[in-house]
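Below, each chain spelled out in residue letters.
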Amino acid sequence: MGGLARFLDSDFLYSFKRSPVALISAIVLAICVGAAVLAPILAPYNPFDLASLSLMDSFHPPAFESEGDASHLIGTDDQGRDMLSAIMYGTRISIFVGLLAIGFALTVGITVGLVAGYMGGAVDAVLMRIADVQLTFPAILIALLVDGILRAALPREFHSKMEIWVLIFAIGIARWPQFARTVRGSTLVERGREYVMAAQVIGLSSRRIMISHILPNVLGPVLVIATLNLGLAILDEATLSFLGVGLAPTEPSLGTLIRIGNNFLFSGEWWITIFPGLTLAAMVLSINLLGDWLRDALNPRLR
Amino acid sequence: MADIVLQAEGVTRDFEVSRPLLQRMLSGEARRTLRAVDDVSFSIEKGTTLSLVGESGCGKSTIARLAVGLYRPSSGEIRFEGQPLSAARAQAALRRRMNMIFQDPYASLNPRWRVRDIVAEPIRAFGLLSSAKDIADRVGQLLTQVGLAAADGEKYPHEFSGGQRQRISIARALSSEPDFLVCDEPTSALDVSVQAQILNLMRDLQQQFGLTYLFISHNLAVVRHMSDRLGVMYLGRIVELGAGETLFRAARHPYMRLLLEAIPDLAMVGRTRTPVGGEVPSPIAPPPGCTFHPRCPLANERCRVEKPLHAVVDGVAVACHAVAEGRA
Amino acid sequence: MALLDVENLVVEFPTRRGVLRAIDEVSFSIDPGEVLGVVGESGAGKSLTGAAIIGLLEPPGRVAGGRIMLNGQRIDDLSPERMRVLRGRQIGAIFQDPLTTLNPLYSIGRQLVETMQTHLPLSDRDAKERAIKWLEDVGIPAARARIDAYPHEFSGGMRQRVVIALALCAEPRLIIADEPTTALDVSIQAQIIALLKRVTREHGTAVMLVTHDMGVIAETADRVAVMYAGRIAEIGPVRDVVQSAAHPYTEGLMGSIPSLEHRVDRLRQIDGAMPRLTAIPKGCAFNPRCPSAFARCGEERPDLLPAGATRAACWLHAGGARG
């Protein structure tokens, strides 16, 4: 049976098709991701093209309001940017930051977890105490700290160029301990299994055993947690941007858009903050619901 | 004298069972160790099977792991083909000649690997063959040898039954062309009819390739079927060691006699036995003297204080004061 | 009259690929005070049969046909609440792992007292005295001093003794013992078997002993049922089944067990493996592995037929009906 045929016949797909929550979440997420990825093609305007912006267009309400304008479906912001386009591009940035931050956290977390779990002893004790200490602080606080330190340490010019990478690093470093702990736990279990002993008997190196034997077997649970954390990482980015330490208004992410809109919420221009907010909420919620479903679907004991 | 493949001399292995350093310091506890294997000596001749039998916690699995170098002895020495084991295992050419078969057919095969890759792993690790075609041919040949089909290599372990998985495990062990196999309870997770298939296969392979087995089991009937020589273990020590037939015909050590008495057997329909009482003490705090004395019907004052040494009578080594004194 | 009467029991598991029939028309009975051994390889349905009788089938498994009668009363259609009362009072259970039966948070004395008081009208004082007596009965040394100890303070063998006391203390008529000695070392196993035999005999309790270990059955049971692929292949007095089996599967099974008494060069082996529930062969489920199979075996499914002292589900005995 080929890989595709096996997948189409799997219990996994079966349970997916039978779960309305998973189906709806997947559709919402697909719309968000589709709109974000295809933003340059689908978006009616290019919000980064400063030349096309005109203050004359600012504060247009959404098209369905009485003063609305059909050319800006959900209105414009204070700079005259089309909100729909800004949200599509903003989502693109948010997803990009979230994915890379989680990718970074996964790389660090999996490596640390594998080494700690397989080597044990003092290596394990030291690595896990570091993770424990970091886990006692909220992730967002760590991200703020790291961001602040880098902001102070890097030359101003360099920092503003590297802004998005600093953000990714800060969020990623804040989220690795959870992955490390999970991977270490699974590694401890796998290390005691006889297939690992079989590899040790023929004299394979620890590195090779960790990578080719243990890693494929510990990946499942940590990927589920990564899914749940992706939603949180996107929220982290929004929070940091909302607090003003994230991305600049010239290249707004969803968080930046919410922050800008927040200034006008009480003067009646609600759409500038509400629509990015709704997009963020819908996206994070669907990621979390999908993650929850994935966890249950992959856990044979709950079936 | 025939070639000795594996020889253990005065092998002892301790494990630390203390709590973590920080907790130990806070509560002022001393380090605690567990002596899993205590002053064990044996040797295995080429082409024969030495079995070690005993109840859980007697140290037989620890010896299995010591014998392939997964653990190092705390003291004493193990020699493989005349060389110290650690030196032998440092050379790929010698390491290739020993391999292991495990107890749990559900844990001994990596669930994410195809069977062909599982069986080929030792071939690749030792660089025995290089071309993909040669490796595939060899894997097919190995799978056929253990009673599976060459095409089974494409499948994953979960597609097989327990007995078939154990065959895969045996094919993997054979793929490095070893002379010496350590078999750690290879059939205790299997149903009896499957057990018979696997035991027959192991005997056939032994004859075909002149294999030497160190066979670990808790099942005396299985051990009787498989072994040339037999060691009976209790709390880390070999209490009786000799030719299998002799031990089954005329066991001397009271523990071996207790075991023979305790095993339910098909021939005993409706028979009522008077089982011997007591349980195996914790190896963390073994009794002084002969560790079997709290359960031994022959124990006297000497047994309670003095550890018995092995005395060889008729080629059987027995560690028992009662036997040595002629009280048994 | 039989104490337990199982008639044409069917247990099914609905799955997305269709309904799996794990137990297929199994019938047997147990008399008061009798020990019926149920043997078979893993997946043969022996544990499920026990679980179906005590109403502890794990969903989605369900009794899909047949009747289970205890003392002439039908019990397979009782509500979970009535079944709970019946368990303990009428049917006791002993499982492989004592820790699944014992509550780690309560002392063993409290568990015994509560079980007895749930089912029997006893004062606290009497219940405690009885609990101590039960513990002494199952061979717990210094029972009076250890009645307030917790399960983790006992060794595996001692825990299984406590479980036996717990299963028997409400004086049920029937005990379902599912692999009660499998997790124990041989020397302890012998003690537990002897204990189970003695205590049930003293109290006239019937036992359904489920195990994969023929040696345990040979020693303990009066009659034995051999299960294969969800059906009973052969049932009869233990001596006849062990020494002169009528079903080729039973015969092969007995021959494959290595003996302590004598050594053979090759063990007798049955080639192949028991079929999975998804692929039960047509006709007799054993026919592809059977050395004596003939045309009819691949076509029609045999019911239990009289075969000498036992009854076997095998067409070889179709002509020799003496029953």
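Scroll up to find the structure.
Treat the numbers as computed from the prediction; the structure is a model and nothing was measured.

Calculation rules
Residues numbered from 1 in each chain as written. Chains lettered and ligands numbered in written order. Predicted model: local features only at pLDDT ≥ 70, side-chain atom pairs only at ≥ 80, totals over all residues. Heavy atoms only, no water. Pairing = 2+ DSSP bridges. Helix = DSSP H or I, 4+ residues; strand = E, 2+ residues; numbered from the N terminus. Axes fitted to C-alpha atoms, helices over the stretch in contact; angles between N-to-C directions. Contact = heavy atoms within 4.5 Å. Salt bridge = Lys/Arg side-chain N within 4 Å of Asp/Glu carboxyl O. Polar contact = N/O pair within 3.5 Å; in protein donor to acceptor, adjacent residues only side chain to side chain. Buried < 20%, exposed > 50% of the residue type's maximum accessible area, 1.4 Å probe, protein only.

A. Up close: the sheet that holds strand β3 (residues 35-39) of chain C. Residues and elements named next belong to chain C. An order of β6-β7-β8-β3-β9-β10-β12-β11 is seen for the 8 strands of this open sheet, with the pairing classed as mixed. Here the strands that pair on one side only, and so sit at the sheet edges, are β6 (91-94) and β11 (305-307). Direction aside, neighbouring strands of the sheet carry axes that sit 20 degrees apart on average. The sheet contact formed by strand β7 (residues 174-178) and strand β8 (residues 206-210) spans 5 bridges and is parallel. Pairing of I175 across the sheet is with V207, part of β8.

B. Spatial organisation of the interface of chain B and chain A. Of the residues lining the interface, 24 residues belong to chain B; the matching set on chain A comes to 15 residues. Taken together, the connections running from chain B to chain A amount to 0 salt bridges. Linking chain B with chain A are 11 residue pairs in polar contact (both at pLDDT 80 or more), by the criterion used here. For the side of chain B that touches chain A, the elements supplying multiple residues, two or more each, are β6 (98-101) and α5 (115-125) of chain B.

C. A look at the pattern of salt bridges. Counted by the stated rule, this structure contains 47 salt bridges over all chains. Here R302 of chain B and E325 of chain B are joined by a salt bridge, their closest N and O atoms 2.5 Å apart. Note that R302 of chain B is positioned in helix α12 (residues 301-305) and E325 of chain B in the segment after α13 (321-324), a separation of 23 residues in sequence. By relative accessible area, which is 31% here, R302 of chain B ends up partly exposed. Judged by its relative accessible area of 34%, E325 of chain B falls in the partly exposed class. Taken together, the shared-partner salt bridges connect E12, R21, D24, R62, R231, R301 and D303 of chain C into one network.

D. Focus on the side chain of D24 of chain C. Residue and element names in this part refer to chain C. With respect to the helices, strands and loops of the structure, D24 is situated in strand β2 (residues 18-30). For D24, a relative accessible area of 11% corresponds to the buried category. A distance of 2.9 Å separates the side chain of D24 from the side chain of R301, its partner in a polar contact. Setting aside chain neighbours within four positions, we find D24 in contact with L9, G230, R231 and R301.

E. Spotlight on the sheet that holds strand β5 (residues 73-74) of chain C. Residue and element names in this part refer to chain C. With antiparallel pairing, 4 strands are arranged side by side in an open sheet as β2-β1-β4-β5. Where the open sheet ends on each side, the last strands, each with one partner, are β2 and β5. Here 7 bridges tie strand β1 (residues 4-15) to strand β4 (residues 62-70), and the two strands are oriented antiparallel to one another. Paired with D5 across the strands is M69, a residue of β4. Along the sheet, helix α1 (residues 46-53) contacts β1, β2 and β4; its crossing angle with β1, the most-contacted strand, is approximately 110 degrees.

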